[in-house]
Amino acid sequence: MDGNGRWARSRGLRRIEGHRAAERSIHDAVEYCGEQGVQYLTLYAFSTENWSRPRAEVSFIMALLGSFIRRNIDSLNENQVRIKAIGRLDDLPRGPRKELDRAIIRTAGNEGLTLVLALSYGGRAEIVDAVRNLTADVVSGSLAPEDIDAEGIASRLYLPGIPDPDLIIRTSGEQRLSNFLLWESAYSEYYFTDVLWPDFRREHLEAAFSDYFTRKRRFGDVEPGKDQD
Ligand code: FPP
């Protein structure tokens, strides 16, 4: 959800106003994905690196997270949205963490869109945490080093039941990964747009999906039925 700060600055507002304005875009994205039958939507809301931002901004984002959940949980639940989270969730302040845990429990049985919030999330931290977990099994003797494989690492990521993303959209003109889903994005398609997150509406998502459907995904293979010789 990149570009909140620039969106606010370009209007002569404080950066935090950009985070506040992000909510409308979140509504649009959740609604549109639900309508289109998208099964999983992950929002990169706060990275492991974002903790180094000015204290007031971090506090604002954390408070906004708690109040966003409080204000939207009834309608998300009514719309069958299932909330989940990835990241070092123990780093979150107690209030927002409680709201998050409650929302996860309350929506666990829903069967619509799964909305994954990446909070205190870093792709490297996720791999480090998986390797720690794996190493503990090696030390205890329940896993032999020669049995370590990609599946063993994938099964120790934060939400192993969730499939790898098909499409990753980066807003605000930046063209980098910024530590997002490093392991899971091995074969994801990327879509970059100059639109700042607070301006990102369903038509932008529609454009991203249309673009995605023009891509040929080969996962390292050749196109089936073609180029066989
Ligand atoms: C990136 O824009 C945005 C963030 C680091 C924070 C996003 C968090 C929220 C909107 C809080 C609420 C979260 C949920 C899930 C309700 P930026 O500040 O890096 O923008 P810039 O690149 O223009 O400075």
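See the structure printed just above.
Calculation criteria
Residues numbered from 1 in each chain as written. Predicted model: local features only at pLDDT ≥ 70, side-chain atom pairs only at ≥ 80, totals over all residues. Heavy atoms only, no water. Helix = DSSP H or I, 4+ residues; strand = E, 2+ residues; numbered from the N terminus. Expected span 1.5 Å × (residues − 1). Buried < 20%, exposed > 50% of the residue type's maximum accessible area, 1.4 Å probe, protein only. Contact = heavy atoms within 4.5 Å. Phe/Tyr/Trp six-rings, centres within 6.5 Å; stacked < 30°, edge-to-face > 60°. Core = buried A, V, L, I, M, F, W, Y, C linked by side-chain atoms within 4.5 Å. Arc of directions from axis to C-beta. Near = heavy atom within 4 Å. Polar contact = N/O pair within 3.5 Å; in protein donor to acceptor, adjacent residues only side chain to side chain. Areas by Shrake-Rupley, 256 points an atom, 1.4 Å probe, with all protein chains shown as cover. Nonpolar A, V, L, I, M, F, W, Y, C, P; charged D, E, K, R; others polar.

(A) Expanded view of helix H5 (residues 123-140). Between its first and last C-alpha atoms H5 spans 26 Å; for 18 residues at 1.5 Å apiece the expected length is 26 Å, and the two agree. Taken as a whole, H5 has its buried residues at Gly 123, Ala 125, Glu 126, Asp 129, Ala 130 and Leu 134.

(B) Focus on the environment of Val 138. On the secondary structure map, Val 138 appears in helix H5. Residue Val 138 is classed as partly exposed on the basis of its relative accessible area of 26%. Along the sequence, Val 138 and Glu 49 sit 89 residues apart, while their C-alpha atoms lie 30 Å from each other. Beyond its immediate stretch of four places on either side in the chain, Val 138 contacts Leu 143, Pro 145 and Ile 148.

(C) Region of interest: unusual backbone geometry. Within the chain, Gln 80 stands out as a residue other than glycine whose phi angle is a positive 65°. By secondary structure assignment, the location of Gln 80 is in the loop between helix H3 (55-78) and strand E2 (82-86). Positive phi outside glycine occurs at Ser 120, with the angle close to 50°. Its location among the elements puts Ser 120 in the loop between strand E3 (114-118) and H5.

(D) Representation of the packing of aromatic side chains within the structure. Enumeration over the complete set of coordinates arrives at ten aromatic pairs. Grouped by ring-pair contacts, the aromatic residues Tyr 44, Tyr 121, Tyr 158 and Phe 180 constitute a single cluster.

(E) Highlighting the nonpolar core. Val 30, Leu 41, Leu 100 and Leu 119 are the most contacted members of the largest nonpolar core, which totals 37 residues. Listed by contribution, the elements that provide at least two residues to this core are helix H2 (15-36), strand E1 (40-44), H3, E2, helix H4 (94-107), E3 and helix H7 (202-212). Top element by residues in this core is H3. It accounts for eight residues. Not counting chain neighbours up to four residues away, the residues in contact with Leu 41 comprise Ala 29, Val 30, Cys 33, Leu 113, Thr 114, Leu 115 and Val 116.

(F) Summary view of H4. For H4, with 14 residues, the first-to-last C-alpha span of 20 Å sits near the 20 Å given by 1.5 Å per residue. If you check which residues of H4 are buried, you get Pro 96, Glu 99, Leu 100, Ala 103 and Thr 107. Buried residues in H4, looked at end-on, bunch into an arc of 100°, giving them a common side. Residues of H4 that are exposed and angled more than 90 degrees away from the buried face: Arg 94, Lys 98, Arg 102 and Ile 105. Where H4 is buried, its residues meet H3, E2 and E3.

(G) Fine view of the environment of Ile 69. Along the chain, Ile 69 falls in helix H3. Along the backbone, Ile 69 and Ser 120 are 51 residues apart, and their C-alpha atoms lie at a distance of 16 Å. If we skip the residues at most four places from it in the chain, Ile 69 touches Glu 99, Leu 100 and Ala 103.

(H) Representation of the site of the ligand in the model. Every one of the 17 residues lining the ligand counts as a neighbour, but Asp 2, Gly 5, Arg 6, Arg 15 and Arg 53 are closest to it. At 3.0 Å from an oxygen atom of the ligand is found a side-chain nitrogen or oxygen belonging to Asp 2. At 3.0 Å, a backbone N or O of Gly 5 approaches an oxygen atom of the ligand. Burial of the ligand by the protein chains amounts to 92% of its free accessible area of 620 Å². Of all the secondary structure elements, the ones that give two or more residues to the shell around the ligand are helix H1 (4-9), H2 and H3. Among the elements that take part in the shell around the ligand, H2 stands out by supplying four residues, more than any other. Tallied by class, the residues present in the shell around the ligand amount to eight nonpolar, five polar and four charged.

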